[in-house]
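Structural description and commentary
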Amino acid sequence: MRWLLSCLLAGLLLLGAAVPATGEAIAEAEVDAAIGLWRDSAHGLNDINCSSCHQDSQTKAFVAHPTQESCQSCHQQAVDTFLLGKHGIRLLEGQTPLTPRLARLPMQPAALDRQMTCNTCHDVHAVNTLQAAVDSCLTCHKDTHSLNYQNSKHAQLFAADSSLPRPSSMAVSCATCHLPRHAVKLADGTEAAWVNHNNTFTLKPRDRMVQEVCMNCHGVEYSYNSIFDDALVEANFDQPPSLSLETFDLVRQLEARRTAGE
Ligand code: HEC
Ligand code: HEC
Ligand code: HEC
Ligand code: HEC
Ligand code: HEC
Ligand code: HEC
């Protein structure tokens, strides 16, 4: 592993040498920064080395700026789902990455040219999922709903319970609703969760988010009454729902029947 690391470093420094004098210093500082972040990351701790991403698996050639393809062999589901959502679909179609400049929704002016890749939400060297779950989103998103999140009880839960390596299942982040977790049973019988990176999956139809997300914690009626209240969505759920869906009696009956059947 030491050997691979020094190979990589040599490669990176060569790259730096190819550009004017200051390029070398930047490359070296970047290498140091990458090593610093990587060392304590889930990758560093699990022996996933620089070469795991920075080396082409077939040609063994050094890759200076790996893409999502370098993640594929180990995180197939994350890559596949990312490419299907609005964030990733341009890459699937062979276009340049999505940037806030292309958006119709309000975006942070400073982020207009930030490219959307695996490196955008969780720095690939730190792979920090906590920062990815809220702070990263708000570096780009600036619509009223997104900004209002900070005023919600959900945000309080997240702030009070931000445990690494993953935000706990009691917290509600932007990602809880928009990049929902799916449970899987591992071969040894234990449960694990993978994150659905398709950021449009839970948007339409709206009841999908109720099923996939809200009902992990709230009752069915509370969830529906919240999610079909446009003002409450805009306010990012800063108070209990005041809506009372007329069709709810039907749902209630169905629910009662289902419970009785159990
Ligand atoms: C999990 C995959 C992965 C691992 C492991 C990894 N890198 Fe990277 N690295 C990337 C990706 C992806 C980019 C491209 C970022 C971009 O272009 O936006 C990158 C970019 C870089 C850059 C360019 C500067 C930058 O931040 O954009 C340097 C320098 C670097 N890596 C060094 C390292 C070193 C040294 C190691 C080992 C300690 C390492 N990387 C481990 C995925 C990885
Ligand atoms: C050679 C296999 C391998 C490659 C390639 C790889 N990873 Fe990982 N990754 C792992 C392992 C092992 C873990 C830690 C165990 C786990 O959480 O599944 C991990 C964990 C993660 C985590 C979760 C971190 C946490 O704290 O829970 C993220 C995010 C991540 N990787 C992103 C990436 C990205 C982005 C790329 C591509 C640029 C990539 N990985 C490439 C093996 C890999
Ligand atoms: C829009 C922001 C965002 C982008 C872009 C993004 N991620 Fe993530 N990722 C997250 C968040 C947030 C979590 C943690 C969510 C949670 O645990 O509730 C996460 C978790 C993960 C995990 C650990 C959970 C799992 O499914 O195993 C892996 C691995 C991962 N991401 C890989 C990737 C890869 C590969 C890419 C690029 C294809 C990518 N991510 C792009 C936000 C993002
Ligand atoms: C690099 C900037 C950037 C980051 C970081 C980012 N997004 Fe996005 N996101 C965008 C852009 C650009 C769009 C497209 C908006 C449009 O077309 O109007 C988008 C679209 C979306 C949409 C779909 C909106 C729609 O109506 O189709 C959702 C939901 C979303 N993002 C949630 C998130 C969440 C949650 C996070 C953090 C985990 C996040 N985003 C991180 C730039 C970003
Ligand atoms: C409790 C769940 C929940 C949380 C937390 C949440 N959202 Fe949403 N978000 C929704 C719902 C519901 C919608 C509306 C879906 C629809 O248009 O049908 C939505 C819509 C959006 C849209 C599309 C807005 C539009 O006008 O089309 C974006 C972008 C978005 N959310 C980003 C975020 C960001 C960023 C955060 C965190 C700062 C966040 N959301 C937190 C549930 C949530
Ligand atoms: C991980 C559990 C969890 C998930 C998932 C979740 N919530 Fe919550 N939600 C809570 C908790 C806990 C509270 C705070 C309850 C309290 O303090 O009375 C809350 C509060 C609320 C409130 C009231 C806010 C207030 O100020 O009183 C609304 C509305 C709400 N949630 C709607 C939703 C909707 C809609 C979804 C799905 C899109 C959702 N929640 C997903 C746990 C969750």
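1. So, the overall build of the protein chain
Scanning the protein chain from N- to C-terminus turns up 17 helices and two strands. Put simply, the protein chain has 262 residues, and 20% of those count as buried. Counting contacts in the protein chain only where the partners sit at least 6 residues apart, residues at least 24 apart contribute 44% of the total.

2. Digging into helix α6 (residues 76-84)
Within the span of α6, buried status applies to Val79, Thr81 and Phe82. As for α6, its buried residues are in contact with α5 (69-72).

3. So, the site of ligand 1
In the neighbourhood of ligand 1, 20 residues make up the surrounding shell, with Glu30, Ala34, Cys50, Cys53 and His65 lying closest. For the shell around ligand 1, the secondary-structure elements that each account for two or more residues are α1 (2-17), α2 (21-39) and α4 (50-54). Counting residues per element, the shell around ligand 1 draws most heavily on α2, at five residues.

4. Some thoughts on the confidence of the model for the protein chain
Predicted confidence across the protein chain gives a mean pLDDT of 88, with 89% of residues reaching 70 or more. Low pLDDT (under 50) marks residues 13-24, which in the prediction has ten contacts with non-local residues, meaning those over four places away or in another chain.

5. Here's the deal with the site of ligand 6
Near ligand 6, the surroundings consist of 21 residues, among which Lys153, Cys214, Cys217, Ser226 and Phe237 are the closest. At the level of secondary structure, the elements contributing two or more residues to the shell around ligand 6 comprise α12 (153-160), α13 (174-178) and α15 (220-227). Among the residues forming the shell around ligand 6, the class breakdown is twelve nonpolar, seven polar and two charged.

6. Some thoughts on the pairing of strand β1 (residues 181-185)
With zero of five residues buried, β1 is to be regarded as a mostly surface element. The pairing of β1 with strand β2 (residues 191-195) spans five bridges and is antiparallel. Residue pairing in the sheet places Arg181 in a bridge with Val195 of β2. Connecting the antiparallel pair β1 and β2 is a turn made up of five residues, with Gly189 showing a positive phi of about 90°.

7. Section: unusual backbone geometry
Apart from glycine, the bulk of residues carry a negative phi angle, and the bulk of peptide bonds sit in the trans form. Following Lys204, the chain continues into Pro205 via a peptide bond in cis, with omega recorded as -10°. With respect to the secondary-structure elements, Pro205 resides in the loop between β2 and α14 (207-212). One non-glycine residue, Lys60, adopts positive backbone phi at about 65°. Here Lys60 lies in the loop between α4 and α5.

8. Focus: the nonpolar core
Counting twelve residues, the largest nonpolar core is built from Cys121, Ala132, Ala133, Val134, Tyr149, Ala155, Phe158, Ala171, Val172, Cys174, Ala175 and Leu179. Excluding residues that lie within four positions of it along the chain, Ala175 makes contacts with Ala132 and Ala133.

9. Details of α12
Taken together, the buried positions of α12 are His154, Ala155 and Phe158. Projected down its long axis, α12 shows its buried positions confined to an angular sector of 100°, all on one face. Facing away from the buried side of α12, by more than 90 degrees, are the exposed residues Lys153, Ala159 and Ala160.

10. Digging into the environment of Val213
With respect to the element layout, Val213 can be found in the loop between α14 and α15. The spatial distance from the C-alpha of Val213 to the C-alpha of Thr202 is 8.6 Å, given a sequence separation of eleven residues. Val213 has contacts with Thr176, Cys177, Pro180 and Thr202, leaving out every residue within four places of it along the chain.

So, how was this worked out
- Residues numbered from 1 in each chain as written.
- Chains lettered and ligands numbered in written order.
- Predicted model: local features only at pLDDT ≥ 70, side-chain atom pairs only at ≥ 80, totals over all residues.
- Helix = DSSP H or I, 4+ residues; strand = E, 2+ residues; numbered from the N terminus.
- Buried ≥ 20, exposed ≤ 12 C-beta atoms within 10 Å, placed from the backbone.
- Contact = placed C-beta atoms within 7 Å.
- Near = placed C-beta within 6 Å.
- pLDDT = per-residue confidence, 0-100.
- Nonpolar A, V, L, I, M, F, W, Y, C, P; charged D, E, K, R; others polar.
- Pairing = 2+ DSSP bridges.
- Core = buried A, V, L, I, M, F, W, Y, C linked by C-beta atoms within 7 Å.
- Arc of directions from axis to C-beta.

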